[in-house]
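Geometric and topological summary
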Amino acid sequence: MRHSSTDTASGGTSAIEAVNVTKTFGSGDEAVHALKDVSVTIRENEFFTLLGPSGCGKTTLLRLIAGFDHQTEGTILLHGEDISLLPPFKRPVNTVFQNYALFPHMTVAQNIGFGLEMLRKPKAEIENTVGGMLRLVKMEELKTRRTDQISGGQQQRVALARALAPRPRVLLLDEPLSALDYKLRKDMQIELKRLQLETGITFIFVTHDQEEALTMSDRLAVMNAGRIRQIGTPREIYDHPAERFVADFIGDTNFLTADLLSADGGAISVRLTSGREITLECDHPAAASRHLTLAVRPEQVRLTADGSASPLNGVLENIVYFGTDTHYHLRLQDGGSFTARLQNSRERQELFAEGDQLGIVFDPETVQVLRD
Amino acid sequence: MADTTSDSFGFSVRRLPGFTALAIACYAMLYAPIMALVAYSFNAGSSIAVWEGFSLHWYGAAWQNEKVQEATILSLLVATVSSISATILASMAALGTTRIRPYKGLTAIYAMINQPLMVPEIVTAVALLIVFAIIKSTTGYQGLIYLISAHTAFCIPFAYLPIRARLESMDLSLEVAAADLYATPLRTFKLITLPLLWPGIIAGMMLAFVISLDDVVITEFVKAPGQDTLPTYMLGQLRRVITPEIHAISTALLSISIIMVSIFFLLNRKKS
Amino acid sequence: MSIGGESLSHTTDVKPQGTPRISGYEAAARKAEVHRNILLTIPALLVLVLAASGPLLVMLLYSFLAPGDYGGVVWQPSVDGWFRVFLTRDIFDDTLMLQDAHVTIFWRSIKLSSMTTVLCILLGFPTAYFIATRSDQTRNLWLFLITIPFWTNLLIRTFAIMEIIRNEGIVNNLLIFVGVIDVPVQMLYTDFAIMVGMTYVYLPLMILPLYASMEKLDFGLVEAGYDLYATRFRVLRRVILPLVKPGLVAGSILVFIPSLGAYVTPRVLGGGKNMMLGNLIELQFGQGQNWPLGAALSIALLAIVMVALIVYVRTAQRSTQAHG
């Protein structure tokens, strides 16, 4: 219930609804709890991403929706209907597999038409749809090739077309871009987004790549250790991470500890380790505890040569040039480290040198009070 | 069957309905006849149909049967000499045909080495009968060399395969490293190649031994009168009234094969 | 040496263009290496020529000689042996007739071998699949249990089958006990017995290559099949079967070839009347005393085996080309 605030399906009807889903592999001492009481609602026509480190349970959840495994407890609804008991071949859900799983003994066109053939569609309709799919993924010229005679990017497109051809209610994508090189991955991200918009099919996308998740998703769920930690739009998740894991996993973050001085409605007053007091906005009850963790994004801070008025001070230890921006690594008075990321521009003249004592300045609105 | 309900619940990607039942039936079919055979070797009575209590009587009877004694000695002698010579020849051939740049005629050499695996045994057997008849009539020699050379020939591919497999999985850089450290080719072979190859050689020799020990067809056609091995002795006995003595001999041979194959299996597993 | 010289061409492609010849030093080293390899291989080849390949050639020669009165041959060319493979001359009017007995035996050999192969597929396929879907720890044990009968004496296994299907054997006793039959069914010394026996002894030869194919089977593809609405039967037929076809073909060849040339199993279980090719061949070297005919029959058997092998190699090549 912790996440109910961000887990409402207010807009549109739900495509997939997982209710208190638990999945345990094995039993006794060797039991692995892959999913622990997971509840999530995925809306129709949504590009929804399950994001998390490997072993967090995101692929398990996907396999439960596809029907390859069965949940130990809980229910999975597809458009309001319980599909928990249906084998995969009776679920109107298709998967794009991580390694594509293209049939090596069939051509590109045969692969794309396989699902329709299994649904016993008329031959003319199959040909028609396969033709349309080949156009959609721009693979018309290679339709008679065997799937091991085409490149990785092309295989990716065939896998997509094959899963989309039967027009599933929901398309599941299991880290489909992980095998591609960087540039191809960038292209495919745009391509996937285009396909989702053109087909209007609900996409559930599994990835461990936070950048992929942020750029493509309508909403995403961050998972860790079998639980969903936070659900929201990419902007919500990035700007307002609810807890330390989310803040740490998505983007770079500086963590600060602070003592709570007073709370007054939505505003709290805290004392930083530097001794300075600042006032922050905070709307969740976690702020009632005495010691708080604050998250500050490195790109939200400025550095000043004169640190007398800034909330934090630190010694500049290391400067790393990154082209578009420069990273400044500082050592705080309390011994902690702090990173500031400043954009490089022609106007920027104030160059700091290693060893400088600098002030760290940030807008209290950009500081996030974390739940734990 | 539980499988009929699996479509509605507990779907498993790897399960196909009825396959497990068929597989278990298959294992039962493979082992039931052998088990029954072993069981009747301990039968106290002389019947092979009625169980009359546990006894080691027929083992004793087989042990004291002079013909069985002779056949056992001959079987072991032929199997030992043939498997050792086949293994030496196969090891050399494996070194000469593995981990090398291909040369002309290599395919023909592979075909020749594997020929005993492809040609039906009965064909080889009568061909040997013909050739050895010619040699026998010209030289008058009737000894064991015919049996041993025939066994050696058909054991070569069985010894060759595991040795070759072992050679192919060996790290070539070890030998290069030895050469780099001033080892001559001969010393490299003795100190590096041979110790690493040893499990393959042992495995090959044991397979060859089992194959030689079990052979019936070629032995039946090549042997001179009175040169019975255990299998040919048994084949002769099957035409007469069968007593559990045959069961006892079979069980003994079976045990040797199982022990050999188990060791072979363990040796191969250590490698991987 | 011509062998060394020929093989030089293999190394030319690694040289930059315009220098097709390799250096004298390299050529010498290469030649020495080939010499060494051939020298190592020669002793084994010698034994094989003496006791395997060579005798086949002698037998080919014998098939074109005239038969001796009491076995052996008379050293004069004759096609009588080959003639008698399928034909016979009437004793009274000298007319040519089909040798019915031989035709029957050829037909029985091919029929029983084919049926044995089919039975082995029906039993072996589910078993290989079963082994391939076990966990890594137990898989080796199941495989080992297939390997044991594979390396067990063929005669003993045939004898074991003989024991349980004889009139007083376990199978008949069990059927009488259950009440299916009142008197024992004669199974021993029938074609059925030969087929059961050959299935029993050659079953591991089907399971092992099938398993080798199934072990490599990517179950992701099976999942993809189910995901795309294929039922179990259609996944089996459209996804699994085509992918394990190489193992299925290899297993079929490995069962069919020894079945066709079987000698011990039909002799023990067929009981003299129900001969197969192997027994017919033996007969010519024993009571029949027609060595050229026996040699011709052997060559004919070998020819059928070679055709089967060529078909297999072709199929295997095609599937490796198809799957890279």
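It should be noted that the structure appears before, not after, this text.
A brief report on the enclosed structure follows. (Residues numbered from 1 in each chain as written. Chains lettered and ligands numbered in written order. Predicted model: local features only at pLDDT ≥ 70, side-chain atom pairs only at ≥ 80, totals over all residues. Heavy atoms only, no water.)

1. As for the overall build of chain C
Per the secondary structure count, chain C includes 13 helices and four strands. A globule of 324 residues ought to have a C-alpha radius of gyration of about 20 Å, yet chain C, at 26 Å, is considerably larger. Across its three principal directions, the C-alpha atoms of chain C cover 85 × 70 × 35 Å. Counting all 324 residues of chain C, 54% fall into the buried class. (Helix = DSSP H or I, 4+ residues; strand = E, 2+ residues; numbered from the N terminus. Rg over C-alpha atoms; globule rule 2.2 N^0.38 Å. Buried < 20%, exposed > 50% of the residue type's maximum accessible area, 1.4 Å probe, protein only.)

2. Overview of the overall build of chain A
In terms of helices and strands, chain A carries eight helices and 20 strands. By its C-alpha atoms, chain A is 80 × 50 × 40 Å across when sized along the principal axes. Residues counted as buried form 52% of the 372 residues belonging to chain A. Intrachain contacts of chain A at a sequence separation of at least 6 include 67% that bridge at least 24 residues. Considering chain A, the positive charge centre built from 40 side chains and the negative charge centre built from 49 side chains are found 7 Å apart. (Contact = heavy atoms within 4.5 Å. Lys, Arg positive; Asp, Glu negative; His and termini not counted. Charge placed at Lys NZ, Arg CZ, Asp CG, Glu CD.)

3. What about the sheet that holds strand E3 (residues 47-51) of chain A?
Residues and elements named next belong to chain A. If you trace the six strands from one edge of the open sheet to the other, you get E6-E7-E8-E3-E9-E10, paired in mixed fashion. Each having just a single partner strand, strand E6 (93-96) and strand E10 (227-232) make up the two edges of the open sheet. Taking each pair of neighbouring strands and ignoring which way they run, the sheet shows an average axis angle of 20°. (Pairing = 2+ DSSP bridges. Axes fitted to C-alpha atoms, helices over the stretch in contact; angles between N-to-C directions.)

4. Points about the interface of chain B and chain C
Of the residues lining the interface, 87 residues belong to chain B; the matching set on chain C comes to 85 residues. Carbon and sulfur atoms make up 77% of the area that chain B and chain C hide from each other, which totals about 8,000 Å². Applying the counting criterion to the chain B and chain C interface returns one salt bridge. Examining the composition of the side of chain B that touches chain C, we find that 14 residues originate from one element, helix H1 (residues 19-40) of chain B, more than from any other. Looking at side-chain class alone, the side of chain B that touches chain C contains 65 nonpolar, 13 polar and nine charged residues. (Buried area = accessible area lost by both parts, 1.4 Å probe. Salt bridge = Lys/Arg side-chain N within 4 Å of Asp/Glu carboxyl O. Nonpolar A, V, L, I, M, F, W, Y, C, P; charged D, E, K, R; others polar.)

5. Considerations on the environment of A:His240
All names here are of chain A. Tracing the sequence through the fold places His240 in the loop between helix H7 (234-239) and helix H8 (244-249). C-alpha separation for the pair His240 and Asp334, spaced 94 residues apart in sequence, amounts to 26 Å. Not counting the four nearest positions on each side in its chain, His240 is found in contact with Gln230, Arg235 and Gln368.

6. Quick look at the side chain of C:Thr88
Relative to the helices and strands, C:Thr88 is located in strand E3 (residues 87-89). The residues touching C:Thr88, leaving out its near neighbours within four places in the chain, are C:Thr95, C:Leu96, C:Met97, C:Leu98 and C:Gln99.

7. Quick word on the side chain of B:Ser75
One can find B:Ser75 in helix H3 (residues 66-97). The exposure class of B:Ser75 is buried, given its relative accessible area of 4%.

8. A short note on the pattern of salt bridges
Pairing of side chains with opposite charge becomes possible as their charged atoms draw close. Residue and element names in this part refer to chain A. Taken as a whole, this structure holds 29 salt bridges over all chains when the rule is applied. Across the pair Arg194 and Glu191 runs a salt bridge whose closest N-O atoms are separated by 2.7 Å. On the criterion of helical spacing, the pair formed by Arg194 and Glu191 is a turn pair, its members being three residues apart in helix H5 (residues 182-199). Accessibility expressed as a relative area gives 25% for Arg194, which makes it partly exposed. One continuous salt-bridge network, built from bridges that share partners, spans Lys138, Arg157, Glu191, Arg194 and Glu198.

9. Some remarks on unusual backbone geometry
All names here are of chain A. Of note, the phi angle at Arg120 is positive, near 60°, even though the residue is not glycine. Inspection of the secondary structure puts Arg120 in the loop between helix H2 (108-118) and helix H3 (123-136). On the basis of relative accessible area, Arg120 is assigned to the exposed category, the value being 63%. Positive phi, normally seen in glycine, also occurs at Ala225, with a value near 50°. Topologically, Ala225 is positioned in the loop between strand E9 (219-224) and E10.

10. Considerations on helix H8 (residues 191-215) of chain C
Helix length check: H8(C), at 25 residues, gives a terminal C-alpha distance of 35 Å against a target of 36 Å (1.5 Å per residue), a fit within 8%. Considering bend angle alone, the principal kink of H8(C) is centred on C:Tyr202 and spans about 45°; proline C:Pro204 follows within four residues of it. (Expected span 1.5 Å × (residues − 1). Bend = angle between axes of the 7 residues up to and from the residue.)

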